[in-house]
Amino acid sequence: MTQVSTSSLGTFPKQVKIVEVGARDGLQNEKNIVSTSTKIKLIDMLSEAGLPVIEATSFVSPKWVPQMADCAEVLKGIQKFPGINYPVLTPNIKGFQAAVAAGAKEVTIFAAASELFTKKNTNCSIDESLQRSDDIFRAARAAGIPVRGYVSCVLGCPYEGKISPAKVVEVTKKIYSMGCYEISLGDTIGVGTPGVMKDMLSAVMHEVPVSALAVHCHDTYGQALANTLMALQMGVSAVDSSVAGLGGCPYAQGASGNLATEDLVYMLSGLGIHTGVNLQKLLEAGTFICQALNRKTSSKVAQAICKL
Amino acid sequence: MGNVPSAVKHCLSYQQLLREHLWIGDSVAGALDTAQETSQLSGLPEYVKIVEVGPRDGLQNEKVIVPTDIKIEFINQLSQTGLSVIEVTSFVSSKWVPQVAAGATEISVFGAASESFSKRNINCSIEESMEKFEEVVKSARHMNIPARGYVSCALGCPYEGNITPQKVTEVSKKLYGMGCYEISLGDTTGVGTPGSMKRMLESVMKEIPSSALAVHCHDTYGQALANILTALQMGINVVDSAVSGLGGCPYAKGASGNVATEDLIYMLNGLGLNTGVNLYKVMEAGDFICKAVNKTTNSKVAQASFNARLE
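This is a predicted model, so every value here is computed, not measured.

S.K.: Run through the overall build of chain B, naming residues and quoting values.
M.R.: A tally of regular secondary structure across chain B gives twelve helices and nine strands. Counting contacts in chain B only where the partners sit at least 6 residues apart, residues at least 24 apart contribute 81% of the total. Of the roughly 12200 Å² of accessible surface on chain B, a fraction of 51% belongs to carbon and sulfur atoms.

Shown next, in the form of structure tokens:
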């Protein structure tokens, strides 16, 4: 386990991989449906901005998520920049198969550290949801496709309230052993604060190497960047964020707002941490999608620089 | 605001308010908000003093002029929250004696770590401003009135850009040396990040004890809480904030948004740190003033909580 001293603040990773989830997690939770060409343009602009991982879409039933009905067209239509990964969410084996048919080279699966959340979100228990994912892992292994995992509610649940770090460890360890190359730990409703983040990560890092971990902080209570900073101090070097702070979670009532990628890049850049992202081009992508969605950006950096 | 020879702030401490204004209710003793989590990062101060600047720094920079009775009600509500320091109003004039006669129990002086900012803000160089402040502070101390010093542009200047930690240290040291009991280091345009905060504090803390320092972070680029966390980790335990994230700075174009007191308290509570402040009462005061100035709160905690109430 990484030794961390909060009194020595020099322990930051030299490089952070930003996983851009705006096109999927973001758009999925925006009321206004945007066209396929808008989605493709957004992703192309994000690629131009240098983001190394861009979650492109979700192969989920359009009944559940109408915004993602054009998943296959989006994946086929985007420019695939060399060196950039375009994972797609696959909630079940059917989605996985459709994703592969559309050319997916990487997929993501979901789990949660809360039984109630899992029940309300996918109508089954955590164990059952993991069993369903097992099909995907097997198929992915056979096809040589890497799988990234998400664990929701790691710092609190809208239904259960407090979530024990032990539960987060249990679920994370499970999907790591099932084959996830990386697990993104999500503060789904943004209730976490830096101390709780540290406790959760300490527990998880006992069982899963920090190099396989990412954090996915929501800014519902304004804590996202401080929580992310804590995670970086713990040695985490992969962070999920969403251009313009798009999206939230329809299953967690009241939850809104991923951490805005622009604000994250601003902080990392100020810390001298390499991300490979061009902030100016990122701002352009944010402006573009906000206009298309007819909404104001949630990024403070964008508000300050673009006077939005 | 116009050109002003020097900025002197009239600050009524909470104790003063209690003593002199008996119409403030009994239930002002800060109800200790039980920490949401018992975990605590090691190395953090146990107690953090929040200096509420909403009624002054906040309202000063809101377009709507707020009637006096609203201001008083706002301050009354804040006094019920447990906040121990509430910056009340500003007498922007070199003639500060009347303010003392009016019952001021504390004064503040506003310096800057940037020559350009100093010239444009108070129409004199840093050195000239220090000379004036020295007079003011020494006289105040002679009358047993404590003085708080502010250093603007501690992490960057809207005109000069980069500001060296050495410059911040030099100005802070002067203010401390002339008798200011506390120096509030302000990221006036919110451009700082944890790295620049750390470097600046490392430099200042070589000359001034951390117990005499405070941070005043603006959230213009969304960095405020991350910067404050960094300051706490370095041993700082006084933080300025404004309820609802009111205000900004008229002299730094585009700058907006003090860090919201609600969001700060949320983080401190979560960290298990004592503040003596009741978050819910602060949210109520925030709701009150936002309605009064007809603006949406800048506090995410308030947005999340009020949304939840509506559902």
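S.K.: Describe the interface of chain B and chain A, and please don't skip the residues or the numbers.
M.R.: Counting residues at the interface gives 33 residues for chain B, matched by 33 residues for chain A. Interface of chain B and chain A: buried area, both sides summed, is about 2900 Å²; carbon and sulfur atoms make up 60% of it. Our count for the contact surface shared by chain B and chain A stands at two salt bridges. Notably, a salt bridge pairs Lys300 of chain B with Asp219 of chain A, separated by 3.0 Å at the nearest N-O pair.

S.K.: Please provide a residue-by-residue account of the packing of aromatic side chains, values included.
M.R.: Throughout the structure, instances matching the rule amount to six aromatic pairs over all chains. A centroid spacing of 4.9 Å and a plane angle of 15° characterise the contact between Tyr221 of chain A and Tyr266 of chain B, whose relative ring orientation is stacked. Of this pair, Tyr221 of chain A sits in the loop between β8 (213-217) and α9 (224-233) while Tyr266 of chain B sits in helix α10 (residues 261-270), placing the two residues on different chains. Take Tyr221 of chain A: its relative accessible area is 18%, and that puts it in the buried class. Ring centres of Phe117 of chain B and Tyr159 of chain B lie 6.3 Å apart, and the angle between their planes is 35°; this geometry places the pair in the tilted category. A residue pair is termed long-range when its members are at least 10 positions apart, and Phe117 of chain B in helix α5 (residues 115-122) and Tyr159 of chain B in the loop between β6 (147-152) and α7 (165-177) qualify at 42 residues. The cationic tip of Arg148 of chain A hangs over the ring face of Tyr150 of chain A; the distance from NZ or CZ to the ring centre is 5.5 Å. The cationic tip of Arg120 of chain B hangs over the ring face of Tyr159 of chain B; the distance from NZ or CZ to the ring centre is 3.9 Å.

S.K.: Kindly report on the packing of helix α8 (residues 194-205) of chain A against α9 of chain A, identifying the contributing residues and their values.
M.R.: All names here are of chain A. Between α8 and α9, whose axes approach to 9 Å, the crossing angle comes to 35°. Where α8 crosses over α9, the handedness of that crossing is right-handed. Between α8 and α9, the contacting residues are Pro194, Met197, Lys198 and Leu201 on the first element and Ala226, Asn227, Met230 and Ala231 on the second. A class-by-class count of the residues in the contact of α8 with α9 yields six nonpolar, one polar and one charged.

Parameters at a glance
- Residues numbered from 1 in each chain as written.
- Chains lettered and ligands numbered in written order.
- Predicted model: local features only at pLDDT ≥ 70, side-chain atom pairs only at ≥ 80, totals over all residues.
- Heavy atoms only, no water.
- Helix = DSSP H or I, 4+ residues; strand = E, 2+ residues; numbered from the N terminus.
- Contact = heavy atoms within 4.5 Å.
- Areas by Shrake-Rupley, 256 points an atom, 1.4 Å probe, with all protein chains shown as cover.
- Buried area = accessible area lost by both parts, 1.4 Å probe.
- Salt bridge = Lys/Arg side-chain N within 4 Å of Asp/Glu carboxyl O.
- Phe/Tyr/Trp six-rings, centres within 6.5 Å; stacked < 30°, edge-to-face > 60°.
- Buried < 20%, exposed > 50% of the residue type's maximum accessible area, 1.4 Å probe, protein only.
- Lys NZ or Arg CZ within 6 Å of the ring centre and 35° of its normal.
- Axes fitted to C-alpha atoms, helices over the stretch in contact; angles between N-to-C directions.
- Left-handed = near helix turned anticlockwise from the far one by under 90°.
- Nonpolar A, V, L, I, M, F, W, Y, C, P; charged D, E, K, R; others polar.

Spatial relationships are all this shows, so hold off on functional conclusions.
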